[in-house]
Structures are given as structure tokens and as C-alpha cells.
Amino acid sequence: MAATTHAASLSFLLSHPHPHPHPTSPNPHPLRRAPHRVRCATDAAATRHRRAADENIREEAARHRAPNHNFSAWYAPFPPAPNGDPDERYSLDEIVYRSSSGGLLDVRHDMDALARFPGSYWRDLFDSRVGRTTWPFGSGVWHRAPNHNFSAWYAPFPPAPNGDPDERYSLDEIVYRSSSGGLLDVRHDMDALARFPGSYWRDLFDSRVGRTTWPFGSGVWSKKEFVLPEIDPDHIVSLFEGNSNLFWAERLGRDHLAGMNDLWVKHCGISHTGSFKDLGMTVLVSQVNRLRRAPLSRPIAGVGCASTGDTSAALSAYCAAAGIPSIVFLPANRISLEQLIQPIANGATVLSLDTDFDGCMRLIREVTAELPIYLANSLNSLRLEGQKTAAIEILQQFDWEVPDWVIVPGGNLGNIYAFYKGFEMCRVLGLVDRVPRLVCAQAANANPLYRYYKSGWTEFTPQVAEPTFASAIQIGDPVSVDRAVVALKATDGIVEEATEEELMNAMSLADRTGMFACPHTGVALAALFKLRDQRIIGPNDRTVVVSTAHGLKFSQSKIDYHDSKIEDMACKYANPPVSVKADFGAVMDVLKKRLKGKL
Ligand SMILES: N[C@@H](CCOP(=O)(O)O)C(=O)O
């Protein structure tokens, strides 16, 4: 029986197939979708911040993991058969799923060997490894900083040349713009923080990773002194965000990026609501919670945002957790179904508006100026305080070694500045001695920053962003463009763009190496491919690609791709399912064809 692969082969797996909002398949209804391991650089400059060049993560980890131990494990019948052979066991290197009597197997460990070490040894060993990519030197024991008087406030960004140098606002004020109408930034009392050496902060942050001591188990609040130093822990609304996986993209780098051996993906999307927005939203909603509670008792009726899908999901979840009303403005038919259902499920007031994101943003700004609704977009600089912790976390996961490059997808452009801010704060306070070069990656269909960069930073022109599979960054008039420029200039940064085909191919290729990337991560990966081709990023450069959202939020774009249903796109990594009769012979025919030469 011949197997068939047909155009609608993915659709039949779905009980409710829905078209994608991409222009090739418009959707009429809002609910119908619209470390480490490391081969290091050879030159001295590049190796300065790294471990020895001949070390590999696995070799190093093996050496450091535990003393010479002879720990072992094997398969044994489960439960032991009463009359069976008590010595029946199989090596884990055997391919065996059942015991000789046909029963289950269980993996057994040599408990005597393990028990040679006391429980405290194992506790300390496991604690010392949490969240690290290399063997951790010095696990700390402190969880609380001493009484400190750390503080933070809003100040104009950038400081206006002829403005009042003392203009500042308490974080307890509701203010989003400076007196000149410009952006604000959260400033910290760096002198107070600098009273402690970098090693103190490194040890303090390391000691909190993965713990349940409130609120330090959160990747954001484990850096509380650098985020919102004065907030009472009881006011914090945290879903234990952060501490996300830093994934060694070994195969993608080695096989598809000309032997790149130090490529990492920071999976910020493996988070409570499936995107990096959780990092900023915990900070913003915590501050709102503080403002609404006594003694401040501010009359804030709710928190609102415009969104391309991820900000709204995070806002509605954190507000729901705190019992605060949330209001989200969404561009109709332009966000994924998974993103749309998140605020609906969390009980937000969801307005589906017949405009694009930039139109929603204009409206929410007008509405929040009129009603006691607190603005949650990253125009509000509080958000960036949380988002910057992803940068600090990357340094921490590399044992405070600084990567050479960090590539961040860019839409509203708050995040690229947040990364810069996190890295720069660590540099200034002596946790590290330099910052990485930043790359901002934009979809070619929504690339105002790229055009600005290409003009030599002479001319910024907002645009009407075209539809893109990277729908969360379909933004033509980014709020944080000035912040992005500061970040890129300060880090000798680069802006790159990716066409629809480039981003979908990059995403799909990454998936082939074990990821399940979102299209925005595809944009960042496509930028990496270009910078490698141009040899701007070298094969040994330690490079981190920031993955901003979970791929499962964008399943329709993947379905369209693997169905080869996208107009004018070759979909060269499409892998449609094979429709085959439920018959042994038919199945064998397919497998023999597929595994030809490998059987
Ligand atoms: N991609 C964002 C757009 C809004 O940006 P923000 O920086 O203001 O949150 C989204 O997911 O909504």
C-alpha cells in the first residue's frame, strides 16, 4: 500500500483547523485565528573571559561533578517476580523494555555507592548546580542582603541637555513621561549598591537560585536589590518567573552554522505565560499592588495594555493572580489563537480592535490619560527593570563570564534596552568587566529600526508594519526606539533583518535540532545566519540568541509551513505527516522507504 502525503495532511489532525492571520490566508473572525560546552576562540583576546580552550563542557562537568565514585544503574524487573531470578538485570546500554517474564522494568541505582556520601553532601552538590551551565564555584549561603537603604526612582531618558538635572519622580507616582514629554527610566542609587563589591552581588544572587524563600526563588526577585529595592516582599506578585533554560544549541551551531561551537539559546519563552513578558510584568503588577494597598491606597481601577499577544497574556495572568482587573487592547485577527485565549481565560476585559498594534497603542495611551487605568506597556519603564534580569541571568548561567554576542528580536524595542541595562549594571557594579555586543533582529516586514540603522542613525521614519509570521513584533512605530539606539550605540551593536522565508526556515531548522522555536526566535536565528555568513560572528564566538516566546503559541504558522501552504515560500524544511493505512505491511513499506540505507 503506497503511503500518501497530501496538502491538507496536517489539517486532518486538527479538530478545529484555523487559518493564519498572514495575508496569504486571511482570517475573518477574531477567535478563528487570524554551558556550556565550549571550544573556545584561539586568539588571546577572545579567550580572556573563558575557560581553557581545550575544555569541553561535558569533559569539564564529568571532572567536576563528584569525586571518583563508581556510581551505577541498571534495569531490573518491576516489581521483582516472587519466583524469578533475583539477579535478573540488564545494562542500560541494552535495548530492552520488558523483563524475562514480560513484566515492567525499573531503573535501579547502586544505593550502597551513593550512600557512601551523607545526605548533606548531596544537598550541597545539587544546590550548587542549580541554574548553572558550568561547574559552580562557591555556592553562597546568604539569602538576604543586610539593611541597605537601596533606592530607585524615575528620571528622564535620556537626560534632556537643557532640562532640570534634578528632575525625578518617586516610583509611587503614576507618571510615564518626563516634563518634556520624553521617556522615563528607572534609576538606582548606584553609590549605595557599589558599597558592596561585585563578588558580593554574584554570591548573593547565586545563593538564591531555585529556592523557595519568598520572593527570591523568582529569577527576577532573586535580583530584588537591582530591580525594586524598596518594595515590601508581601506586595510582590510573582509566579516564580525567570530562571529560564540556557540551551546549548550544539547541533544547530555545529551542523548548520559552519562549526559554531559556542551557541546558546536563552529560552525566555519557557515561562508562566509562555513569553519573556512575565519578567517585566511581575515588577509592574507588584508595584500596582503596592500602590493599591494601604497606606498608599491609590484609586487604580485596573491595569491596561495594547498588545500583539504576549504582553496581554502576561498582564492578565499576573493581574488575575493578584485580583486586579486587567484590560487589554488587541489588534483583531493579528494575534495567534493561543495568545488570544490567554487573557480571555484569565478574566481580562479583552477589546478586539479593528486596527494594528500601533493603533491599539495610541488608544490605550489616550484611555489611560483619561481613566484611572495604569499603563502596562513598556513605555512604562518599570517593566524593563524585570526584563533586564534575563541579561543578569545569562551572566550568572555562564558563571559570570560575558558572552561575545546577544541577539534579541525587536518590535516595540524595550527589550533590547532592558538587556543592555542588565549587562551594563553588572559591569558598572563590578560583577563582570565588559558587556557583550548586542544585535537587534527585526522582521523585514516591520523594520523601522533596521532602516534607521542603515541610514547611519540619521533618519527615523515610523512605518505601517506589514503582516509577518513574527506577529508579536509587527510594530511600525516602536515606543522605545530611543532606548534601543542607546543600547546599540553603547555596545557597538548591529541591526539585522529577516524576510518571511528566512525567519520561517531558520525557525524550522532550529526545530529540526530539538527546539520548538517561535517565529520571533526565527528572526533572531536568521540574523545569526547572516552575520555568520558575513563572518561578523566567528565560529568560536560565544553567542546567545534570545528566544522570546514559546513555539506552542504559534502552532498555526508551523502547521502552514509543514503543510507547504504558504504562498511564494518553498518551505524547504517542511515535514508533513505520512497518511498510512493501519496495517503492518503498509507501515513497514513506509518505514523501509524512510530509513533506506539505515536498516
Ligand atoms: N510584542 C508586544 C508588543 C507590546 O510591547 P510592550 O513592550 O509594550 O509590551 C506584545 O506582546 O504585546
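Residues numbered from 1 in each chain as written. Predicted model: local features only at pLDDT ≥ 70, side-chain atom pairs only at ≥ 80, totals over all residues. Heavy atoms only, no water.

- In the nomenclature of an unreviewed UniProt entry, the chain is known as threonine synthase of Oryza barthii.
- Check the Subcellular location (unreviewed entry) section of the UniProt entry for the chain; it says "Plastid, Chloroplast". (UniProt positions renumbered as here; feature names shortened; annotations may be inferred.)

**Section: the overall build of the chain**
Right, so step 1: Helix and strand content of the chain: 21 helices and 15 strands.
Right, so step 2: Within the chain, the fraction of its 599 residues that count as buried is 55%.
Right, so step 3: Split by element, the accessible area of the chain, about 26000 Å² in all, is 53% carbon and sulfur. (Helix = DSSP H or I, 4+ residues; strand = E, 2+ residues; numbered from the N terminus. Buried < 20%, exposed > 50% of the residue type's maximum accessible area, 1.4 Å probe, protein only. Areas by Shrake-Rupley, 256 points an atom, 1.4 Å probe, with all protein chains shown as cover.)

**Brief notes about the site of the ligand**
Right, so step 1: In the vicinity of the ligand there are 13 residues, among which S307, T308, T311, S378 and R383 approach most closely.
Right, so step 2: Within the side chain of K277, one N or O atom sits 3.3 Å away from an oxygen atom of the ligand.
Right, so step 3: Between the ligand and N377 there is a distance of 2.8 Å, counted from an oxygen atom to a side-chain nitrogen or oxygen.
Right, so step 4: In the complex, 96% of the free accessible area of the ligand, which totals 330 Å², lies under the protein chains.
Right, so step 5: Looking at side-chain class alone, the shell around the ligand contains 3 nonpolar, 7 polar and 3 charged residues.
Right, so step 6: Here the shell around the ligand spans two domains, since at least three of its residues come from each of domain 1 (150-274 + 381-554) and domain 2 (276-380). (Near = heavy atom within 4 Å. Polar contact = N/O pair within 3.5 Å; in protein donor to acceptor, adjacent residues only side chain to side chain. Nonpolar A, V, L, I, M, F, W, Y, C, P; charged D, E, K, R; others polar. Domains from an automatic or database assignment.)

**Some thoughts on the confidence of the model for the chain**
Right, so step 1: On average, the chain scores 87 in pLDDT, and the residues at 70 or more come to 85%.
Right, so step 2: Counting contacts from residues 1-65, a segment whose pLDDT is below 50, to residues more than four positions away or on other chains yields 156 contacts.
Right, so step 3: Among the scores for the predicted complex, ipTM is 0.99 and pTM is 0.85. (pLDDT = per-residue confidence, 0-100. Contact = heavy atoms within 4.5 Å.)

**Concerning the domain arrangement of the chain**
Interface size, as often reported, equals the accessible area lost upon joining of the parts.
Right, so step 1: With domains assigned, the chain is organised as domain 1 (150-274 + 381-554) and domain 2 (276-380).
Right, so step 2: Here the C-alpha centre of domain 2 lies 21 Å away from the C-alpha centre of domain 1.
Right, so step 3: Listed by partner, the interface residues are 54 residues for domain 1 and 47 residues for domain 2.
Right, so step 4: In this assembly, domain 1 packs against domain 2 so that about 4300 Å² is buried in total across both faces, 54% of it on carbon and sulfur atoms. (Buried area = accessible area lost by both parts, 1.4 Å probe.)

**Comments concerning helix α14 (residues 389-397)**
For the α-helix, the turn length of 3.6 residues means that residues three or four positions removed from each other point alike.
Right, so step 1: A large share of α14 lies buried, amounting to 9 of its 9 residues.
Right, so step 2: Every buried residue of α14 is listed here: T389, A390, A391, I392, E393, I394, L395, Q396 and Q397.
Right, so step 3: Looking at the residues trailing α14, positive phi occurs at D399, about 55°.

**Topic: unusual backbone geometry**
Right, so step 1: A cis geometry characterises the amide bond from F78 onward to P79, with omega recorded as -15°.
Right, so step 2: With respect to the secondary-structure elements, P79 resides in the loop between β1 (73-78) and β2 (104-109).
Right, so step 3: Here the residue pair F157 and P158 is connected by a cis peptide bond, since its omega of -20° sits within 30 degrees of zero.
Right, so step 4: With respect to the helices and strands, P158 occurs in the loop between β3 (152-157) and β4 (169-170).
Right, so step 5: A positive phi angle is found at W457, which is not glycine, with a value near 60°.
Right, so step 6: Inspection of the secondary structure assignment puts W457 in the loop between α16 (448-454) and α17 (481-490).
Right, so step 7: Backbone geometry places C571, a non-glycine residue, at a positive phi of 50°.
Right, so step 8: With respect to the helices, strands and loops of the structure, C571 is situated in the loop between α20 (555-562) and α21 (584-594).
Right, so step 9: With a relative accessible area of 3%, C571 lands in the buried category.

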